[in-house]
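One-letter residues, chain by chain:
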Amino acid sequence: MLDSAQKLIRDAGGKLGLGDEQIEALISTNAEHKFEIALTNGEKYQAFRVQHNNKRGPYKGGIRFHPQVDYDEVRALATLMSFKTAVSGIPMGGGKGGVAVDPKKLSEEALEELSRKYVKGLYKNIGPDKDVPAPDVNTNAKIIDWMVDEYEKQTGDKTKASFTGKSIENGGSLGRDAATGRGGVIVLREILNKLSINGPITIAMQGWGNVGSYFALISEADHADWKLVAATDSSGGRYDTAGLSAKELDKYKKSRGRLVEFKKGKEITNEDLIGLDVDVLVLAALEDAVNNDNQPKIKAKLILELANGPVTYDAYRSLSGRDIIDVPDILANAGGVVVSYLEWVQNKKSEQWPEDRVNRELENYLAKAADKVYMRMKKENIPLKEAAFAEAIVKLTS
Ligand code: GLU
């Protein structure tokens, strides 16, 4: 993923006429922190925080708990955050953190200890005007609340602006939970309109976590002519050309069901889903889901990257050659960080905004960002993904 992100930056930077030194400056990270977390039960875990770029504001980006976390993954994700905040027009930079752990194997007590020790190891390097972490894969408002509390204990800071993605009772923003999924709906709608794809569309979606589930539920509520025909989680899932109900799938999932066992439609694997004959393929699981091996079977006209880095660079180049539009993560999933920024502003001003105000502002940021990216794609005659990176580079270098 790091290699893919860097290649995208080199492509876009090169075409903008940037010299090697300027491109290297965009790629390199400002600071990297790595430490070990030792739990009282004797288990030890590697923890990371990478601060990529703060030219436009404090470092901003989530913390993930996942066994695959390593320096390169966190570097790639931190880099993507700087480009995401730039393209969406919020005054923040980019960073990312993670712990190499499978949180599903931890007790509640161990999870809290891990979250607090992450902050104990890092609090001197983060803060409301320095670096503002948030949730990412396998982290949520409960974990962020522990972290904010620990940050307050260590520093005395009571503003709650040290982290975003908090629970509502603890200074979180209304609409933050749904923001990444909602943002995906806004971006998809804008891009389809611009492409004059107005009729009914079919959607296949990989991944039913926080982001994917909200995307599907909001799509279903707001767009009667978007039909979800396939959905998977890590177990696999279901396919039904007549359409699947997002509400029913979500209810099933929340009752701890595996989508592969859902009663409607026919069974499909995650790999089957990639090759379905649909208009839009939504990737809301993990990185590298579409790669050189499976990209030839893609039939969708458009890919929406709701996960970070779900399409490898080589796969994206091949897809572009086949005129398949790849709406990149830095635009498609920017809704989360935009509302994180709005949460941070509310904390700084000691305000709490109604959800419709938050959603309106989200809409404004993303509609504007989608428009700028699309216009650049048209003007420069480059892929949409490259246009998004170019837009971000212009902001990061001006
Ligand atoms: N983890 C999310 C992302 O990858 C949100 C980051 C944030 O809100 O700071 O964009």
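In what follows, the accompanying structure is described.

### Considering the packing of helix α6 (residues 176–194) against helix α13 (residues 355–380)
Next, step 1: Remark: α6 packs on α13, axes separated minimally by 9 Å, with the N-to-C direction vectors making an angle of 40 degrees. The orientation of α6 relative to α13 falls into the category oblique. As for how α6 packs across α13, the hand of that crossing is right-handed. Mapping the contact onto sequence places Ala179, Arg182, Gly183, Ile186, Val187, Arg189, Glu190, Ile191 and Lys194 in α6 and Asn359, Leu362, Glu363, Leu366, Ala367, Ala370, Asp371 and Tyr374 in α13.
Next, step 2: In the contact of α6 with α13, the residues fall into nine nonpolar, two polar and six charged.

### Thoughts on unusual backbone geometry
Next, step 1: Of note, Asn138 is a non-glycine position whose phi angle comes to about 65 degrees, a positive value.
Next, step 2: With respect to the element layout, Asn138 can be found in the loop between β5 (131–135) and α5 (141–155).

### Looking at the sheet that holds β5
Next, step 1: The five strands lie next to each other as β1-β2-β4-β3-β5, forming an open sheet whose pairing is mixed. Strands at the two margins of the open sheet, each flanked by one partner only, are β1 (31–38) and β5. Within the sheet, the average angular offset between the axes of one strand and its neighbour, ignoring direction, is 20 degrees.
Next, step 2: Note that strand β2 (residues 44–53) and strand β4 (residues 94–99) share six bridges and pair antiparallel. Each bridged residue has a counterpart across the sheet, and for Arg49 the counterpart in β4 is Gly97.

### Describing the sheet that holds strand β10 (residues 280–283)
Next, step 1: With respect to topology, seven strands assemble into an open sheet ordered β9-β8-β7-β6-β10-β11-β12, the strand pairing being mixed. In this open sheet, the two edge strands, each paired with only one partner strand, are β9 (266–268) and β12 (325–327). Ignoring strand direction, the axes of neighbouring strands in this sheet form an average angle of 25 degrees.

### Considering the site of the ligand
Next, step 1: Close to the ligand lie 14 residues, the nearest being Lys60, Lys84, Lys96, Asp136 and Ser340.
Next, step 2: Take Arg176: an N or O atom from its side chain is 3.1 Å from an oxygen atom of the ligand.
Next, step 3: Here an oxygen atom of the ligand and a side-chain polar atom of Ser340 are 2.5 Å apart.
Next, step 4: Relative to its free-state accessible area of 300 Å², the ligand is covered by the protein chains to the extent of 95%.
Next, step 5: Elements with a contribution of two residues or more to the shell around the ligand: β3 (59–65), α3 (71–88), β5 and α12 (335–348).
Next, step 6: Of the residues that constitute the shell around the ligand, the class distribution is four nonpolar, five polar and five charged.

### A word on the pattern of salt bridges
Next, step 1: Inspection of every chain in the model, using the stated rule, returns 37 salt bridges.
Next, step 2: For the salt bridge of Lys166 with Glu343, the shortest nitrogen-to-oxygen distance reads 2.7 Å. Highlighted residues: Lys166 in the loop between α5 and α6 and Glu343 in helix α12, separated in sequence by 177 residues. An identical accessibility class is assigned to Lys166 and Glu343; each is buried.
Next, step 3: Of the charged contacts, one joins Lys253 and Asp233 as a salt bridge, the two residues approaching to 2.7 Å between their closest N and O atoms. Placement of the pair is Lys253 in helix α8 (residues 246–254) and Asp233 in strand β7 (residues 226–233), with a sequence separation of 20 residues.
Next, step 4: Exposure remark for Lys253: the relative accessible area of 27% places this residue in the partly exposed category.

### Side note on the pairing of strand β6 (residues 201–206)
Next, step 1: Burial runs high along β6: five of the six residues are buried.
Next, step 2: Note that β6 and β7 share six bridges and pair parallel. Paired with Ile203 across the bridge in β7 is Leu228.
Next, step 3: The parallel pair β6 and β7, bridged by helix α7 (residues 210–222), forms a crossover whose chirality is right-handed.
Next, step 4: Here β6 pairs with β10 via four bridges, running parallel. Counted as the bridge partner of Gln206 is Leu283 from β10.

### Focus: empty space enclosed by the protein
Next, step 1: Tallied over the entire structure, the rule returns one cavity of 30 Å³ or more.
Next, step 2: Looking at the largest cavity, its volume works out to about 80 Å³.
Next, step 3: Lining the largest cavity are 13 residues, and of these Ser4, Leu8, Gly309, Val311 and Asp329 lie nearest its centre.
Next, step 4: When contributions to the lining of the largest cavity are tallied by element, the ones reaching two or more residues are α1 (2–15) and α14 (384–397).

### Some points on the pairing of β5
Next, step 1: For β5, the tally of buried residues reaches four of five residues, placing the bulk of the element in the interior.
Next, step 2: Bridge count between β3 and β5: five bridges; the pairing is parallel. In the sheet register, Gly62 faces β5, and the bridge partner there is Ala134.

### Here we look at the packing of aromatic side chains
Next, step 1: In total, this model carries eight aromatic pairs according to the counting rule given.
Next, step 2: Ring centres of Phe48 and Tyr71 lie 5.1 Å apart, and the angle between their planes is 65 degrees; this geometry places the pair in the edge-to-face category. Of the two residues, Phe48 sits in strand β2 while Tyr71 sits in helix α3, which places them 23 residues apart along the sequence.
Next, step 3: Take Phe48: its relative accessible area is 4%, and that puts it in the buried class.

Conventions we followed
- Residues numbered from 1 in each chain as written.
- Predicted model: local features only at pLDDT ≥ 70, side-chain atom pairs only at ≥ 80, totals over all residues.
- Heavy atoms only, no water.
- Axes fitted to C-alpha atoms, helices over the stretch in contact; angles between N-to-C directions.
- Helix = DSSP H or I, 4+ residues; strand = E, 2+ residues; numbered from the N terminus.
- Parallel < 35°, antiparallel > 145°, perpendicular 65-115°, else oblique.
- Left-handed = near helix turned anticlockwise from the far one by under 90°.
- Contact = heavy atoms within 4.5 Å.
- Nonpolar A, V, L, I, M, F, W, Y, C, P; charged D, E, K, R; others polar.
- Pairing = 2+ DSSP bridges.
- Near = heavy atom within 4 Å.
- Polar contact = N/O pair within 3.5 Å; in protein donor to acceptor, adjacent residues only side chain to side chain.
- Areas by Shrake-Rupley, 256 points an atom, 1.4 Å probe, with all protein chains shown as cover.
- Salt bridge = Lys/Arg side-chain N within 4 Å of Asp/Glu carboxyl O.
- Buried < 20%, exposed > 50% of the residue type's maximum accessible area, 1.4 Å probe, protein only.
- Right-handed = clockwise from strand over helix to strand, strands pointing away.
- 1 Å grid on protein atoms, 1.4 Å probe; cavity = no way out; pocket = protein on both sides within 12 Å on 5 of 7 lines; lining within 4 Å.
- Points joined across faces, edges and corners; volume = space filled by probe spheres on them.
- Phe/Tyr/Trp six-rings, centres within 6.5 Å; stacked < 30°, edge-to-face > 60°.

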